Protein chains: 2
Amino acid sequence: MSLFEKHEAALKKAIDAIHARTFYAAYAEQPSPAVYGDTADTLGQEKFKASLGRKFEELNQPSPEGWAGQEESPYLQEALKISYPIFSASTLVERSDKAFHVWRKVSAKDRAGILIESLDRVKNRFFEIAYATMHTTGQGYMMAFQASGPHAADRALEAIAAGYEELTRFPSAAIWDKPMGKFNVQLKKEWRAVPKGVSVVIGCSTFPTWNSVTGIYGSLITGNPVIVKPHPGAILPIAIVVAEIQKVLIENNLDPAICQLGVDTFDKMITKQLAENPDVKLIDYTGNSLFGSYLESLPGKIVFTEKTGVNSVILDSVDDADKAAANLAFSVNLYSGQMCTAPQNFYIPEGGINTPAGKISFDQFARKFVDNLNGLVDNPKAGPFVLGAVQNKKTSERVLEAEKLPGKVWLKSRVFENSQFKNARLVTPVVVEVDASQKEIFSKELFGPIALLIKTKNTDQSIALAKEMAQKHGAISCGAYSTDDTIKEKIADEMSLAATPVSFNLTGGIYMNQNAAFSDYHVTGGNPSGNASFTNPEYVTKRFTWVGHREPVKIG
Amino acid sequence: MSLFEKHEAALKKAIDAIHARTFYAAYAEQPSPAVYGDTADTLGQEKFKASLGRKFEELNQPSPEGWAGQEESPYLQEALKISYPIFSASTLVERSDKAFHVWRKVSAKDRAGILIESLDRVKNRFFEIAYATMHTTGQGYMMAFQASGPHAADRALEAIAAGYEELTRFPSAAIWDKPMGKFNVQLKKEWRAVPKGVSVVIGCSTFPTWNSVTGIYGSLITGNPVIVKPHPGAILPIAIVVAEIQKVLIENNLDPAICQLGVDTFDKMITKQLAENPDVKLIDYTGNSLFGSYLESLPGKIVFTEKTGVNSVILDSVDDADKAAANLAFSVNLYSGQMCTAPQNFYIPEGGINTPAGKISFDQFARKFVDNLNGLVDNPKAGPFVLGAVQNKKTSERVLEAEKLPGKVWLKSRVFENSQFKNARLVTPVVVEVDASQKEIFSKELFGPIALLIKTKNTDQSIALAKEMAQKHGAISCGAYSTDDTIKEKIADEMSLAATPVSFNLTGGIYMNQNAAFSDYHVTGGNPSGNASFTNPEYVTKRFTWVGHREPVKIG
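Rules and cut-offs
- Residues numbered from 1 in each chain as written.
- Chains lettered and ligands numbered in written order.
- Predicted model: local features only at pLDDT ≥ 70, side-chain atom pairs only at ≥ 80, totals over all residues.
- Least-squares fit on C-alpha atoms with pLDDT ≥ 70 in both.
- Contact = placed C-beta atoms within 7 Å.
- Core = buried A, V, L, I, M, F, W, Y, C linked by C-beta atoms within 7 Å.
- Buried ≥ 20, exposed ≤ 12 C-beta atoms within 10 Å, placed from the backbone.
- Helix = DSSP H or I, 4+ residues; strand = E, 2+ residues; numbered from the N terminus.
- Nonpolar A, V, L, I, M, F, W, Y, C, P; charged D, E, K, R; others polar.
- Pairing = 2+ DSSP bridges.
- Right-handed = clockwise from strand over helix to strand, strands pointing away.
- Axes fitted to C-alpha atoms, helices over the stretch in contact; angles between N-to-C directions.

(A) Structural context of the relation of the copies chain B and chain A. Structural alignment of chain B on chain A gives an RMSD of 0.0 Å, achieved by rotating through 180 degrees and translating 0.0 Å along the axis. Given the turn and translation reported, the copies of this chain are related as if by a two-fold rotation axis. Closest approach to the rotation axis among the C-alpha atoms of chain B is made by Glu-538 of chain B, whose C-alpha sits 3.2 Å away. Both copies contact each other with a shared surface, as 100% of the interface residues of chain B are interface residues in chain A too.

(B) Representation of the nonpolar core in the model. Of all hydrophobic cores here, the largest spans 358 residues; its most connected members are Ile-160 of chain A together with Ile-160 of chain B. Ile-160 of chain A has contacts with Ala-112, Leu-115, Ile-116, Tyr-217 and Ile-221 of chain A, leaving out every residue within four places of it along the chain.

(C) Region of the structure containing the interface of chain B and chain A. At the interface, 52 residues of chain B touch 52 residues of chain A. Elements supplying a minimum of two residues to the side of chain B that touches chain A: helix H1 (3-20), strand E5 (173-179), strand E6 (184-195), helix H19 (485-497), strand E20 (502-504), helix H20 (537-541) and strand E21 (544-552) of chain B. No other element matches the eight residues that E21 of chain B contributes to the side of chain B that touches chain A. The residue inventory of the side of chain B that touches chain A, partitioned by class, reads 24 nonpolar, 18 polar and 10 charged.

(D) Representation of the pairing of strand E13 (residues 345-349) of chain B within the structure. Residue and element names in this part refer to chain B. With five of five residues buried, E13 lies mostly within the body of the structure. Where burial is concerned, the two faces of E13 agree: the one with Asn-345, Tyr-347 and Pro-349 and the one with Phe-346 and Ile-348 are both buried. Bridge analysis of strand E12 (residues 312-315) against E13 gives three bridges, and the strand direction is parallel. Paired with Ile-314 across the strands is Tyr-347, a residue of E13. Note on the crossover from E12 through helix H13 (residues 321-333) to E13: the handedness is right-handed.

(E) Inspection of the sheet that holds strand E8 (residues 226-229) of chain B at higher detail. All names here are of chain B. Taken in spatial order, the five strands line up as E9-E8-E7-E10-E11 in an open sheet, and their pairing is parallel. Where the open sheet ends on each side, the last strands, each with one partner, are strand E9 (259-261) and strand E11 (302-306). The average undirected angle you get between the axes of adjacent strands in this sheet is 15 degrees. The sheet contacts of helix H9 (residues 210-221) involve strand E7 (198-202), E8, E9, strand E10 (280-286) and E11, and relative to E8 the element is tilted by about 170 degrees. Relative to E11, helix H12 (residues 289-296) is tilted by about 165 degrees, and along the sheet it contacts E10 and E11.

Read these as layout, nothing more, since geometry by itself doesn't imply function.
Right, dumping it as structure tokens:
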């Protein structure tokens, strides 16, 4: 049985899911022993610990120019001391270009089989990847498991399915038979989906697998070889994925350079050299806007970016103010605001928020919000796990700086200890009230758990500001609370024009930060927060070119 | 019956045709009285003549800032003296932006119905458009009818069908129902295809409708208002199309500014002002590479270009050298080489071309080719009609200049008269032999009937040069003659990497210049000759953004 036959049913289910857009998950998101095995967690943790202080030797990339690695655990504030093989950008690109001419000739079916097989192998390492993610990104255990494991694998499968569907959506051959009156002109036509060439996927420090696998698998399914350039601070999670892909390639007698890991260090980054190499045709990027915009401006490249944005919450009217405040407090606390979907700007009318029991004033809502933030942080069964740790020291500094913003400080960041990790880099949220006129303060991303309560004249001004922020500075998510259908439609329509998805009236266990594979397009591609979307057709069609050849049918 | 219902069957047939890629034509390409009516040709010619020297008053665009027009007939070398309403770029964009918020709220079905209806109205004016095309572009009557009439309408319908399919490919709403163990999280989700905004379609002087209608209809079906900016030398054909679209819009109580004509004059072009206006989000362009590359570099715009290229013919081996030479001679003569798909560089091995009867030498083939060029030109029943007239004086000058190229001149351009149009601007082909080492000569487009016979070491060098030209300078078409399957596959593979479609072994009544709607992707978008393709999914998906909103399902 070929790998395609083995995984054909899974592929078809995934394609159906893309079109149904209802709930679908191919990989179970709970780290349940019943699904993953009784010993999986323990073994995964052991494997992670065993990798510390050693060379990562699982890659099939011969003759490294050196070994290096600078990862550090945000929980321990200690170096992981894992070293990876180092290659120059030119070596990586040369090997990739050679592998290109192997991989592009592998059929779409065989590519799909190999790639889904690699995801199943990765599944066996979800726990190890979870610990690797915790100790590079600072994510809490549950998020680390879900985001880097099953949710990433679902996104990867989504990209494979979207790519496979596009590759097979039009016939690869047809007879074109044109009546010309007394005779017919007959042409044999054939169409090839020609991959663009060497693809570079540039990872970020907070979601090292989730944000990279779509580009990796999206490029691979469409026939492009991939160089994975992880963030120097978060390598191990994606190194494991690349190693598993290489193993399946080798088992199928293919060049492992079809998917390479290109590690670098903070003092000697190779990203620009990779990106500017003329043989590199495709670039996927997650990270800051400055570098992302530089990449987008490179001539002759197809570039997919997820950059930064300013996410808004519009508060107009609520059924239950406590539930709304609790939901939003969770969104801010979750992974200490280090998600690209975390809310930052909360627009509240100066006249307050309508509820079935009458108006809640601006101050009353602010108080509820702060109480909920504190309540969650101080809950020993939730706080440490929801907050996680802070990946980058600069984020902690930014949070403390935020207390100096010119506005009423509703909540200061405070000393907080994680009893499991006494040395963890932690920060609790800061909440500052600013006026709608202080645009210079809230017109930029303040990455981390920083919430700005912006006092507006009314909901119309709230909407106008949320839209303006998204159009000018980008936005990946938006929350809105309104019980009025006319206002909801206005928000939906105006934020659509700013290409920002809106989560309305969320309460309970679902948050505006979350984007589900097979259903939510993550980043729309339509505002400055990024030019690409997980995973709409454009995300894969731009990775190849349709080229049609034709020839007269020989008359027998 | 709604317009959608009226045209639903036509729309479905067109969508099916996109996927079948066999022969399909919705509009009959023969100017046959049986199809178009006995008097259609005569009436069309009369209507064209009646429009000369007058204001074009069919547009519904109030308060023009003036009236102007500088079209000239290449057949008469006289001004048409038709004047069109003139508007500033800012007036056009303001009106378009206002119309945007009307048009984007019209459903995809209603848009499709209105747009197909407009094509049926245009069909009633195919003959008038044909004469308008002849006397602006210099095309022969038959090409003018086919390219500007039925072929353009087919391409427009293809764009409507592709757009409609993409808009309806994913559900507009779904219930996302996620099991969470003891309960389910249920979200109502909805997705909106949000149009990008004001669209500008910049026309060219040689194919004023064929090259513009795909962008016009592609933008309109996806909800974007369009400003059509024709070439100042070829306005009337597309003005008629815009007028018909406006009439259908008005009949449906819609703002005619949804599709405006933005005429300018050679001395006061508004193209840059339109393109750089921040409210303009989409640009379609056909024309020279310099201006096309400038447009592609504009930040924050989605740009679709068809620029120039260097089209090659690779001659390796033939079944019948006379038939091959005849076919290629037709391709060079057709509309005096003024097609973007016309061949220019003919690569012939110094050792000659294999045939079943033995080798034909380089010189023997060159002689056959020249004889066929002359034979066609000198055939009074074919020559004048195939050659047409020359749109731009510079093209004639370039052809005469080509005789001075450093190489053997196999054929000089000669004095030629069209008995029907004694004053026509005419030019016959020039053929020059150059060596494969003289790359500086054949590395650029020499627009017009200029054929370079390039003497190569062997077919491998021919392929390498054809590929290099396409990758570096772009190519829209490629011809190849080989009877060897291995060589054919090598050509197909190598030219695929240069994103250039190859027509193999064409003889008889089908030519490498021709690209059929619903089957051939015209321009692949994968080399410097352009970044867009008529009509693959990307051509329409880039014109809108998927934005998803969501809200918890209320528990009854």
